[in-house]
Amino acid sequence: MPGALADEARPVPHPTLTEYYQNAEARDGFVRQLFDQAAGSYDQINTAFSLGSGAWYRRRALWQAGLRPGQRMLDVAIGTGLVAREGVRILGRPEAVTGIDLSAGMLAEARQNLAISLIRGRAEALPFADGSFDFLSMGYALRHVPDLVTAFAEYRRVLRPGGRLLLLEIGRPEGPLAYRAARFYLGRVVPALSRLTGGGARAGLMMQYYWDTIDACVPPATILQALRTAGLEGARCETQLGLFRAYMAERPA
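Every chain begins its residue count from 1, and numbering advances along the sequence as written. Restriction of local features to residues with pLDDT of at least 70 applies here, the model being predicted, together with a cutoff of 80 or more for giving and counting side-chain atom pairs; totals for whole chains, interfaces and linings are based on all residues. Where side-chain values are given, they derive from all heavy atoms of the structure, hydrogens and water being excluded.

Draft legend 1. Up close: the confidence of the model for the protein chain. Scored by pLDDT, the protein chain comes out at a mean of 90, with 92% of its residues at no less than 70. Within a predicted model, pLDDT stands for the predictor's per-residue confidence, ranging from 0 to 100. Any two residues whose heavy atoms approach within 4.5 Å at even a single point are treated as in contact. Every residue in residues 1-8 is under pLDDT 50, and counting partners more than four places away or in other chains gives zero contacts.

Draft legend 2. Molecular detail of the pairing of strand 5 (residues 159-170). Strands are labelled as partners when DSSP assigns at least two bridges between them. Counting from the N terminus, the helices are DSSP H or I runs at least four residues long and the strands are E runs at least two residues long. In terms of strand pairing, strand 4 (residues 133-139) meets strand 5 through six bridges, oriented parallel. Counterpart to Met-138 in the pairing with strand 5 is Leu-167. For a crossover, the right-handed case is the one in which the path from the first strand over the helix to the second runs clockwise, viewed with the strands pointing away from the viewer. Read from strand 4 through helix 7 (residues 148-158) to strand 5, the crossover connection turns out right-handed. Here strand 5 pairs with strand 7 (residues 244-250) via seven bridges, running antiparallel. The residue of strand 7 that forms the bridge with Leu-165 is Ala-249.

Draft legend 3. The arrangement of the sheet that holds strand 2 (residues 97-101) in detail. Pairing in this open sheet of seven strands is mixed, and the strands run 3-2-1-4-5-7-6 from one edge to the other. Edge positions in the sheet fall to strand 3 (117-120) and strand 6 (233-240), since each of these pairs with one other strand and no more. If you compare each strand with its neighbour and ignore which way they point, the axes differ by 15° on average. Here four bridges tie strand 1 (residues 73-76) to strand 4, and the two strands are oriented parallel to one another. Within strand 4, the residue paired with Asp-75 across the bridge is Ser-137. Convention adopted: a line fitted to C-alpha atoms gives each axis, helices being fitted over their contacting stretch, and angles between N-to-C directions are expressed from 0 to 180 degrees.

Draft legend 4. Main features of the pairing of strand 1. The two faces of strand 1 match: Met-73 and Asp-75 on one face and Leu-74 and Val-76 on the other face are all buried. Bridge count between strand 1 and strand 2: four bridges; the pairing is parallel. Each bridged residue has a counterpart across the sheet, and for Met-73 the counterpart in strand 2 is Val-97. Once the chain exits strand 1 it traverses helix 5 (residues 82-91) before rejoining the sheet at strand 2, and the crossover so formed is right-handed. Residue exposure (1.4 Å probe, protein chains only): buried if accessible area is under 20% of the type maximum, exposed if over 50%, otherwise partly exposed.

Draft legend 5. Region of interest: helix 5. For helix 5, a buried count of eight out of ten residues is recorded, marking the element as mostly surrounded by other parts of the structure. The set of residues buried in helix 5 consists of Leu-82, Val-83, Ala-84, Glu-86, Gly-87, Val-88, Ile-90 and Leu-91. One or two positions beyond helix 5, positive phi appears at Gly-92, with a value near 80°.

Draft legend 6. Representation of the pattern of salt bridges. The salt bridge criterion pairs a side-chain nitrogen of Lys or Arg with a carboxyl oxygen of Asp or Glu, the two atoms within 4 Å. All chains considered together, the criterion is met by eleven salt bridges. Measuring nitrogen to oxygen at the nearest pair gives 2.2 Å for the salt bridge that ties Asp-28 to Arg-122. Residue Asp-28 is located in helix 2 (residues 24-38), and its partner Arg-122 is located in the loop between strand 3 and strand 4; the two are separated by 94 residues in the primary sequence. The exposure class of Arg-122 is partly exposed, given its relative accessible area of 27%. With its nearest N and O atoms 2.7 Å apart, the salt bridge here joins Glu-154 to Arg-157. Of this pair, Glu-154 and Arg-157 both sit in helix 7, three residues apart, roughly one helical turn. Taken together, the shared-partner salt bridges connect Asp-28, Arg-122 and Glu-124 into one network.

Below, the structure is given as C-alpha cells:
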C-alpha cells in the first residue's frame, strides 16, 4: 500500500499521544512550552530520571563513539547542556562545541553553565553548512523529533565525510519484570519527585511525558533502519542495563 510505504520511509518516533496534544501538528507547540516552563528544574530532576548514569556515562559514550580533541561537535537538542559539558571536557575548547535547541528556556539554562555557541533551531532544519562538524550528539531527545529520516538526513548533511554521530536514549526494557520496574519508577516515582522537589506541576508533567514517550517509542530496529535510510553507515545500538541505549553511525567517507 502506498500509505504504508510512506509511513515506513518516514517513521515517527512514537504515535500521537492525545492525552497531551490532539494531533502531530500540535506536538511542537506542546513540547516547546513544556520544556520552556520546566527548564529551571531540569538539571535537578534529571539525576533521578537518569538513574545515576550522570556525567561519567555521557563522557564515556562520547569517547567510545569517537569524539576526540581537535574536532568540532554539534549537540542537537542541547537542553541545559548536560551532554555538551562532557563534550567540552573531552575537546578542551568551548569554541569547538555548538549547541542547538528549540526551547528558549533550555537555551537560557545552558548559557548559565556553558561558554559555547548556542542557537535556537530544530533538528530537522539545521542552520549550518554542509560538512560543518566532525561529530554530532543528541542526548535523550530523539523521541521529540517529528520525523526520524528527515532529522537523520540533516545530521548526515552537516557532518563531514567520515564524521560520527551519537544518539543517547532511554529505551523501553524488553523483559516484563524490567518493564514493570521501569514503568513504576520512571512513570510514577520520578514525576512525583519532580513535583515535590521544587519543580512543581509542570516539571511533573514533563517527566510523565518523558516516560510516556519512552513507553510508546519505536523499537531500536526502526531507528537503525531510519539511520541507514538517511544515508548513514555502520548504524548500531549498544544497550546498558537493558535501559540506556547509545545509537552510533557515520557519514560515509
